[in-house]
Amino acid sequence: MNHRKKEKNFLFFKIFNGLSDSTSFQRRLFMSFLFIAIPVISGILILAFSIIQFTTHETVMQTQATELEKTSAQLEFVISDTENMSRELIYNSTVQEYLSAANASSAYPDDTDVSYYVNGLILNRDYINSIVLTTKTHTVYSTENAYTDRSGFQNIRQKWWYSQLTDMSSPYSWFPYSRLTKTDYAAQENNEIPRQINTLMLARPIVSTSDYRTVLGYLMIYLDDEYVEQLWQDISWGKTTNVFLFSKDNKLIITNALMNNYSDAFISVDYQTGNQIFRYEKELYVLTASEMDTDNWTIYMLTPYSEVNGTATTMMYILLLSLAAIFAALFLMSRYSASSMARPIIVLSKKMDAYHGSDQKLDPDAVKRYRNRSDEIGQMYRSYEQLEDRMNRLIQEIYVKNLEKKDAELALLQSQIDPHFLYNTLDSINWIALANDQDEISEMITALSDTFRLSLMKNNSSFVEMEQEIQYIQSYLVLQKFRYTDRLTYDFDMPDPLPALYIPRFILQPVVENALKHGINNREEGGHLSISVSIGKQVILRVVNDGTQIDLEKMKSLLVFNPEDSDILNFKNEGYGVQNIHRRIKIICGDEYGLSYSVTKFQTICQITLPVKETL
């Protein structure tokens, strides 16, 4: 009866193995729901993210454009008002008479009236820092101390803009402190002129109103640096926003001098009016450009996107929370649905397991309920019970007739064990391990089977494909890994794919075994084993382990060998495997090939040198 029981168990296990693991089936069913739902939800979320990102970008750009328009309007008012004031000054009769008197005499005329007029003119204009009046040869009036950088005539004559002032044909011109281009300003190290960059001056010649030809002198109106800096500080947008004002010939006029200078990013994009968001060195920036009415100037505002995307961040948080809620609901619904759909299959699986001797507990009421169903589930239950009855009858009929035959076959198999029996047995064990989710046993059996298959493979040649030898070592190390557990780690470094080359059979396993036995095993914490293959004019195999206790002098003496020596079968008592490999290589490959050992500070290296052999 034991034979009968085994026969039934094996047959039903083979037929219904896919249904025996109820937990695995329910998990796969659950995962199938997720695999369908997740791509759909992910697509919806990606679309929502794209819409949110587009809307956020548009909002950020529009808000920055509004902020730039406000700043631009303030600058245009200051510039326009300064230009109007300059016209009032040069055509004022008091100023005209004062400069005429200064040109007619070397002495300075009385400037009381001029001072009264100028001070009244700039009384409520906080953005004016100073006004300077000069003749062609000397300064005659200044609202600041005489002989400063701005008022001293010798200093004025040395300014880069003085020649343009005396030669210009236009009524007036604005001159910044420097004449830096966009690229020049970005190339500065440490912002060489951080405060002076906000210095801006309007200059114009003063001609006589009597003939409108005679140049009486020059007028210079300096804007207040602190007033301009306050304009930058009033920008309520970003923390480190950069503002650049450039002339039509791409010369920098003024800018806010901040600790964070983004001029490198600024010059990396094409300059166009309007809004754009661009990436520079993994950082997003918002750039807005607008043309001003004054002399075709262009004002730019550049802000790191991370400083102004608060709305986007909030919406992303909301999206992530929604995503988490959706996935939680999806998870619960999928789990419930999978459980409901899998429950009849699980009960059927238990019924099948019970047939071939499993200790699974059955719920008779559930079996009866599912059997009486009119759908496919009920049909499965009824068909299985019919199959079960029929197989019981067949087994009873065949059992008696085949008993003697089975005993004879068993005796024959026991007397004629060969590698095929061993492989089939190992494959069966592996199959059972997989069926019971014993992955480690399966991995170990597979490695053992591969090791036996490779080692018992019939081959009359002394050589074997290098790929087959590597596979043998890989299987061998899988088995050793179960022995050493965490004390052993290893890796392979070789070309992918391996060339179709031939090497002597079974030369790596003894070397690897020595590395484990005398290297890794002697270390309390274990160690690492590395096997590498390099191919050039020769094939070089290296086995490197973390041990350093090898006696190099002893190894050198073991490897002393002359193939022409008649006494080649004598081996020293220790290191038989290493001697055997070394001698075989020299005999079948040549005296220039073989083994060599070396030691570094932390590792022992065994190098196997072989010829490049492409055919047998």
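This text follows the structure it describes.
Structural notes, computed from the coordinates. Since the structure is predicted, the reported quantities are computational estimates derived from the model, not experimental observations. (Residues numbered from 1 in each chain as written. Predicted model: local features only at pLDDT ≥ 70, side-chain atom pairs only at ≥ 80, totals over all residues. Heavy atoms only, no water.)

Observations concerning the sheet that holds strand β17 (residues 604–611)
The mixed open sheet is built from five strands, whose spatial order is β12-β14-β15-β17-β16. One side of each edge strand has no neighbouring strand; the edge strands of this open sheet are β12 (488–493) and β16 (594–599). Averaged over all adjacent pairs, the angle separating strand axes in this sheet is 15°, with direction ignored. Relative to β17, strand β15 (residues 538–545) runs antiparallel, the two sharing eight bridges. (Pairing = 2+ DSSP bridges. Helix = DSSP H or I, 4+ residues; strand = E, 2+ residues; numbered from the N terminus. Axes fitted to C-alpha atoms, helices over the stretch in contact; angles between N-to-C directions.)

Notes on unusual backbone geometry
With an omega of 5°, the peptide bond running from D496 to P497 counts as cis. As for its position among the elements, P497 is in the loop between β12 and β13 (502–504). Phi at K282 takes a positive value of approximately 65°, unusual for a residue other than glycine. On the accessibility criterion, K282 (79% relative accessible area) is exposed. (Buried < 20%, exposed > 50% of the residue type's maximum accessible area, 1.4 Å probe, protein only.)

Brief notes about the pattern of salt bridges
What the rule picks out here adds up to five salt bridges. Put simply, E67 and K70 hold a salt bridge, and the shortest N to O gap is 3.1 Å. Of this pair, E67 and K70 both sit in helix α3 (residues 22–91), three residues apart, roughly one helical turn. Using a relative accessible area of 39% as the deciding quantity, one classes K70 as partly exposed. Across the pair D591 and K586 runs a salt bridge whose closest N-O atoms are separated by 3.5 Å. (Salt bridge = Lys/Arg side-chain N within 4 Å of Asp/Glu carboxyl O.)

Notes on the packing of helix α16 (residues 466–484) against helix α17 (residues 508–520)
Geometrically, a packed helix pair is captured by the angle between its two axes and the distance between the axes. Between α16 and α17, the shortest axis-to-axis distance is 10 Å and the interhelical angle comes to 25°. Considered as vectors, α16 and α17 are oriented roughly parallel to each other. For the element pair α16 and α17, the recorded crossing hand is right-handed. In this structure, α16 contributes E469, I470, Y472, I473, Y476, L477, Q480 and Y484 to the contact, and α17 contributes L508, Q509, V512, E513, L516 and K517. Here the residues of the contact of α16 with α17 are counted per class, giving nine nonpolar, two polar and three charged. (Parallel < 35°, antiparallel > 145°, perpendicular 65-115°, else oblique. Left-handed = near helix turned anticlockwise from the far one by under 90°. Contact = heavy atoms within 4.5 Å. Nonpolar A, V, L, I, M, F, W, Y, C, P; charged D, E, K, R; others polar.)

Digging into the pairing of β16
Of the strand pairs in this sheet, β16 and β17 are connected by six bridges, and their pairing is antiparallel. Within β17, the position partnered with S596 by the bridge is Q607. Counted along the chain from β16 to the antiparallel partner β17, the turn is four residues long.

Considerations on the sheet that holds strand β5 (residues 215–223)
Across a sheet, strands are paired by hydrogen bonds formed along the backbone, either parallel or antiparallel in direction. In spatial order, the strands read β2-β1-β5-β4-β3; together these five strands make up an open sheet with antiparallel pairing. The open sheet is flanked by β2 (139–142) and β3 (173–176), the only strands paired with a single partner. The average angle at which neighbouring strand axes cross in this sheet is 25°, direction not considered. Bridge count between β3 and strand β4 (residues 200–207): four bridges; the pairing is antiparallel. Directly across from P176, in β4, lies its bridge partner L200.

Observations regarding α16
Here α16 is 19 residues long and its end C-alpha atoms lie 26 Å apart, about the 27 Å a rise of 1.5 Å per residue gives. Trailing α16 by a residue or two, T485 shows a phi angle of about 50°, which is positive. (Expected span 1.5 Å × (residues − 1).)

What about the pairing of strand β1 (residues 128–134)?
Regular strands place their side chains on alternate faces of the sheet. β1 sits mainly inside the fold: six of its seven residues count as buried. Here β1 pairs with β2 via three bridges, running antiparallel. Directly across from V132, in β2, lies its bridge partner S142. What sits between β1 and β2 in their antiparallel hairpin is a turn of four residues.

Any functional reading would require information that these geometric values do not contain.
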